[in-house]
Amino acid sequence: MIEEPYRWVEAIANRREYIETQLASGSALVALSFAGGIILLTVGEQKIFEIYDRIGLGAIGHPGDIERLRMTAIELASMEGFTRSAADVSLRRLAYYSLSPVMKNAFEQIYGAPFLARLLFAEVGATPAEDLFLRVEYDGAIIVPTREERFAAIGPTKATTERMQIFLGQGWSERGKIGDALTLALDAWTVGQIGEGESPAQGEVRALRAEKIGNGVVTAAILERGGRSTVRYRPLSRKELSAVPSS
């Protein structure tokens, strides 16, 4: 009996190591505010989604687990909107009281399968100061950027996520236009794909962009600020993305 808690702790440590290994090859994802809304961007297969009206989701991980969590988020938000009102659907409520407990429980039940996924949520507000970003880890932990950080990122590892956050903090501006936001997001994505041993200067990041993208396809969406429609989510077209300078 005395050994049981120690076995559980060891099992959790092994589970964490396994999940980190599985996520290490994923494509980074970036979300940031600008005057016209929030940009969500990644490279590769579609892992950016609309959740509800003002809320978008990006993720790294196993496609099946991402889909299960996406559907859970959509169902919970839709139920909240139906029983109360669309204005009552809150990203904080969705993450803290619904998704986080589900992911935490799956992670700690060592005889069941955990979620192989990191989630990044964004909720657009009336102004950039009211925009909200939340990162939800596979173990249910929630990370909220500071008020000054109107951006967020998830990388293949926690170290790359931290590097991306620092890079975004150095380049972000509230007055940026959509082209500036896309450029910064793509450069931050590039930082998220750089290996642990590489430390390029900020001016060298754009030169590495084409190499890191390779044959991948840039995928991006915007949560538009203002407008008459209640639905703010809109995928960006290839024409809009082609406006991003390559160097």
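Structure first, text after, so check above.
Residues numbered from 1 in each chain as written. Predicted model: local features only at pLDDT ≥ 70, side-chain atom pairs only at ≥ 80, totals over all residues. Heavy atoms only, no water.

1. Notes on the sheet that holds strand S9 (residues 218-224)
Note the cut-off: Think of it this way: DSSP has to see at least two bridges between two strands before they count as a pair. Comment: elements are numbered from the N terminus, with helices defined as DSSP H or I runs of at least four residues and strands as E runs of at least two. Axis angles are defined between N-to-C directions and span 0 to 180 degrees, where every axis is a line fitted to C-alpha atoms and, for a helix, only to the segment in contact.
Overall, antiparallel pairing links the five strands, which are arranged S8-S1-S2-S9-S10 in an open sheet. This sheet does not close on itself; its edge strands, each paired only once, are strand S8 (151-154) and strand S10 (233-235). This sheet shows a mean twist of 15° between the axes of neighbouring strands, independent of strand direction. As defined by bridge partners, strand S1 (residues 29-34) adjoins strand S2 (residues 37-43) across six bridges and the pair is classed as antiparallel. Within the sheet, the bridge partner assigned to Leu-32 lies in S2 and is Ile-39.

2. A short note on the pairing of strand S3 (residues 48-52)
Rule in force here: When accessible area is computed with a 1.4 Å probe and restricted to protein chains, residues below 20% of their type maximum are described as buried, those above 50% as exposed, and intermediate ones as partly exposed.
Burial analysis of S3 places four of its five residues in the buried class, which makes it a mostly covered element. Relative to strand S4 (residues 55-61), S3 runs antiparallel, the two sharing four bridges. The partner of Phe-49 across the bridge, within S4, is Leu-57. Connecting S3 to the next strand, S4, in antiparallel fashion are two residues, including Asp-53 with a positive phi near 45°.

3. Let's talk about the packing of helix H2 (residues 63-83) against helix H3 (residues 91-108)
The criterion, for reference: By definition, any crossing whose near helix is turned counterclockwise from its far helix by less than a right angle is left-handed, and any crossing with a clockwise turn is right-handed. Contacts are residue-level and defined by heavy atoms, with any inter-residue pair within 4.5 Å sufficient. All amino acids are sorted into three groups, where Ala, Val, Leu, Ile, Met, Phe, Trp, Tyr, Cys and Pro are nonpolar, Asp, Glu, Lys and Arg are charged, and the leftover types, Gly among them, are polar.
Direction vectors running N to C along H2 and H3 enclose 140°, while the axes themselves pass 11 Å from each other. Remark: the crossing between H2 and H3 carries right-handed chirality. Note on element contacts: H3 touches H2 through Arg-93, Leu-94, Ser-98, Leu-99 and Met-103, opposite Leu-69, Thr-72, Ala-73, Leu-76, Ala-77 and Glu-80. Of the residues belonging to the contact of H2 with H3, the class tally is seven nonpolar, two polar and two charged.

4. Considering the pattern of salt bridges
A side chain of one charge can pair with a side chain of the opposite charge if their charged atoms are brought near each other. Just so we agree on the cut-off: The working definition used for a salt bridge is a side-chain nitrogen of Lys or Arg within 4 Å of a carboxyl oxygen of Asp or Glu.
Under the defined criterion, the tally for this structure stands at 13 salt bridges. The residue Glu-67 makes a salt bridge to Arg-70 at a minimum N-O spacing of 2.8 Å. Remark: Arg-70 and Glu-67 occur in helix H2; sequence separation between them is three residues, near one turn of the helix. You can call Arg-70 buried: its relative accessible area is 17%. In this structure, Arg-234 and Glu-240 form a salt bridge, with 3.1 Å as the shortest nitrogen-oxygen distance. On the basis of relative accessibility, which here comes to 27%, the residue Arg-234 falls in the partly exposed class. Given a relative accessible area of 27%, Glu-240 falls into the partly exposed group. One salt-bridge network, held together by shared partners, links Glu-20, Arg-118 and Glu-137.

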